[in-house]
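# Architecture and fold: a report
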Amino acid sequence: MPIPLLIGAGAAAAGLYGAVKGVSGAINQTKAKNINNDARSSVELANEALEELRQTTNNKLEDYGKRKLRAFNGVISDFIDTFQQIKNVDLKQSTELDKLNAGDFSNKTLPSLKQDYQALKDAGLGLGAGIGGGAALAFGAYNGTMLLATASTGAAISSLGGVAATNATLAWLGGGSLAAGGYGMAGGMMVLGGIVAGPALAIFGHVLGHKGEAALNKANSNMEQARTICDQAELMGNKLKAISEVTTLANTTFSNVSSRLRHAVSELKKVIGNEGIDFANYSEQSKATVFSAVKFAQLLKAMVDTPILDKDGNLVISTQKRIINVNEVAIGEKSTLDSIEK
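Right, let's walk through the structure included here. Counting restarts for each chain: residues are numbered from 1 in the order of the written sequence. At least 70 in pLDDT is required for a residue's local features to be given in this predicted model, at least 80 for side-chain atom pairs to be given and counted, and no such filter applies to totals for whole chains, interfaces and linings, which use all residues. Hydrogen atoms and water are omitted, and side-chain values are computed over all heavy atoms in the structure.

### Focus on the packing of helix α4 (residues 133–141) against helix α7 (residues 168–175)
What counts here: Angles run from 0 to 180 degrees between N-to-C directions of axes, and those axes are lines fitted to C-alpha atoms, restricted for helices to the stretch in contact. Where helices and strands are cited, they refer to DSSP runs of H or I of at least four residues and of E of at least two residues respectively, numbered from the N terminus. Each angle is binned into one of four classes, with values under 35 degrees roughly parallel, values over 145 roughly antiparallel, values of 65 to 115 roughly perpendicular, and all other values oblique. Handedness of each helix crossing follows the sense of rotation of the near helix against the far helix: counterclockwise by less than a right angle gives left-handed, clockwise gives right-handed. Whether two residues are in contact is decided by their heavy atoms, any of which lying within 4.5 Å being enough. Amino acids are sorted into nonpolar (Ala, Val, Leu, Ile, Met, Phe, Trp, Tyr, Cys and Pro), charged (Asp, Glu, Lys and Arg) and polar (every other residue, Gly among them).
Where α4 meets α7, the closest approach of the two axes is 10 Å, and the angle between their N-to-C directions is 125°. Here α4 is positioned oblique relative to α7, judged by the angle of their axes. At the point where α4 passes α7, the crossing takes the right-handed sense. Note on element contacts: α7 touches α4 through Leu-170, Leu-173 and Gly-174, opposite Leu-137, Ala-138 and Ala-141. Of the residues in the contact of α4 with α7, the class split is 5 nonpolar, 1 polar and no charged.

Written out as structure tokens, the structure reads:
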């Protein structure tokens, strides 16, 4: 074969190979772009779902904190004022309340209720006052006595707000970020369970490589990272759901016990109006009314002293069982009180 013909055939083969590689590169670039879009989309959807859960959990904790404040300014204050009128009260011990560490009313529960309420009034959170989002969040999440008892006079609200501002979990729940500019979902991963929180959402840059194969490899790596992020988001979402579920249970139980204490205090006022203020002269039915009011007050104090989150922002595992126990005692006491009134 003549030399020129061989050269021409070689050039044609090289050109064909180049064309094939060019088409392959273009296909890989397209695949890379699609994979990156899918990766970015999956992370954005996970972030949106997590943001919705964050907001829901934050709202429930704030609502619970505000309910506690309303109870102190309402039914708890009313109970304290009414019960203090009665003299020579001889209270029975309750095995149910002993299990909740709430059985010692005269020496423990009543003084502590007074102290908590006084701290709130000193902080300007008396009747008619509102409570800000950060303080409400902390008051809902944590043991009320723990937050208030250590606050100096006039500083309780600052203490509450300070806890929300400095605790990483509450800061993230309250604002979705940990600092100006925020960490978004990555910040949430960090504060809820110590999940790795690198710059998770910054991994999806444009594919700039000229080689299709390199771009495809980069895109596949992005997709793996996206899957990891979505798995972490699911774990974090489950933590938020658990906190939200327990907070809902606490809010409902607190509301039920508050309502029953309100009714018991109303009956207590009738007893005082009809039989005076000397417990020793009360009928057995009237004494039972006093016991019921005291029991509901103890249950409400037990709820105030039961935190949803620990100091590190993790859900307190024992809280759900404790709230269920409070509810069971309240239901049993309500049935007893109804039978007495009949």
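After that view, the rundown keeps rolling.
### Things to note about the pattern of salt bridges
For the record, the criterion: Salt bridge, as used here, is a side-chain nitrogen of Lys or Arg placed within 4 Å of a carboxyl oxygen of Asp or Glu. Under the scheme applied here, a residue whose accessible area is under 20% of the maximum for its type counts as buried, over 50% as exposed, and between as partly exposed, the area being computed with a 1.4 Å probe on protein chains only.
Counted according to the given criterion, the structure contains 7 salt bridges. Glu-224 is the partner of Arg-227 in a salt bridge, and the nearest nitrogen-oxygen pair spans 2.6 Å. Highlighted residues: Arg-227 and Glu-224, both in helix α9 (residues 212–275), separated by 3 residues, approximately one helical turn. With a relative accessible area of 44%, Arg-227 lands in the partly exposed category. One salt bridge connects Lys-287 with Glu-284, and the closest N-O pair in it is separated by 4.0 Å. Linking Lys-287 with Glu-284, this pair stays in helix α10 (residues 284–304), spanning 3 residues, or about one helical turn. On the basis of relative accessibility, which here comes to 18%, the residue Lys-287 falls in the buried class. Owing to a relative accessible area of 61%, Glu-284 belongs among the exposed residues under this scheme. What emerges from the salt-bridge pattern is a single network uniting Asp-116, Lys-301 and Asp-305.

### Looking at the packing of α9 against α10
The description of two packed helices rests on the angle between their axes and on the distance between the axes. Orientation of α9 relative to α10, taken along the N-to-C sense of each, is 150°, at an axis distance of 8 Å. For the element pair α9 / α10, the angle class is roughly antiparallel. Viewed along their axes, α9 and α10 form a crossing whose handedness is left-handed. Contacts between α9 and α10 involve Ala-250, Thr-253, Phe-254, Val-257, Ser-258, Arg-260, Leu-261, Ala-264, Glu-267, Leu-268, Val-271 and Glu-275 from the former and Ser-286, Thr-289, Val-290, Ala-293, Phe-296, Ala-297, Leu-299, Leu-300, Met-303 and Val-304 from the latter.

### Topic: α9
Heads up, the condition is: By this rule the span expected of a helix is its residue count minus one, scaled by 1.5 Å.
Taking 1.5 Å per residue as the helical rise, α9 with its 64 residues ought to reach 94 Å, and the 92 Å between its terminal C-alpha atoms agrees with that figure. Among the residues trailing α9, Gly-276 stands out with phi positive, at a value near 85°.

### A word on the environment of Phe-105
By the element assignment, Phe-105 lies in helix α3 (residues 105–122). Taking the C-alpha atoms as reference points, Phe-105 and Leu-91, 14 residues apart in sequence, are found 8.2 Å from one another. Not counting chain neighbours up to four residues away, the residues in contact with Phe-105 comprise Phe-79, Phe-83, Leu-91, Leu-110, Pro-111, Val-294, Ala-297 and Gln-298.

### Some details on the side chain of Thr-57
By the secondary structure assignment, Thr-57 is in helix α1 (residues 3–83). Taking the relative accessible area as the measure of exposure, Thr-57 reaches 0% and is therefore buried. When sequence neighbours within four positions are dropped, the list of residues in contact with Thr-57 reads Leu-173, Leu-240, Ile-243 and Ser-244.

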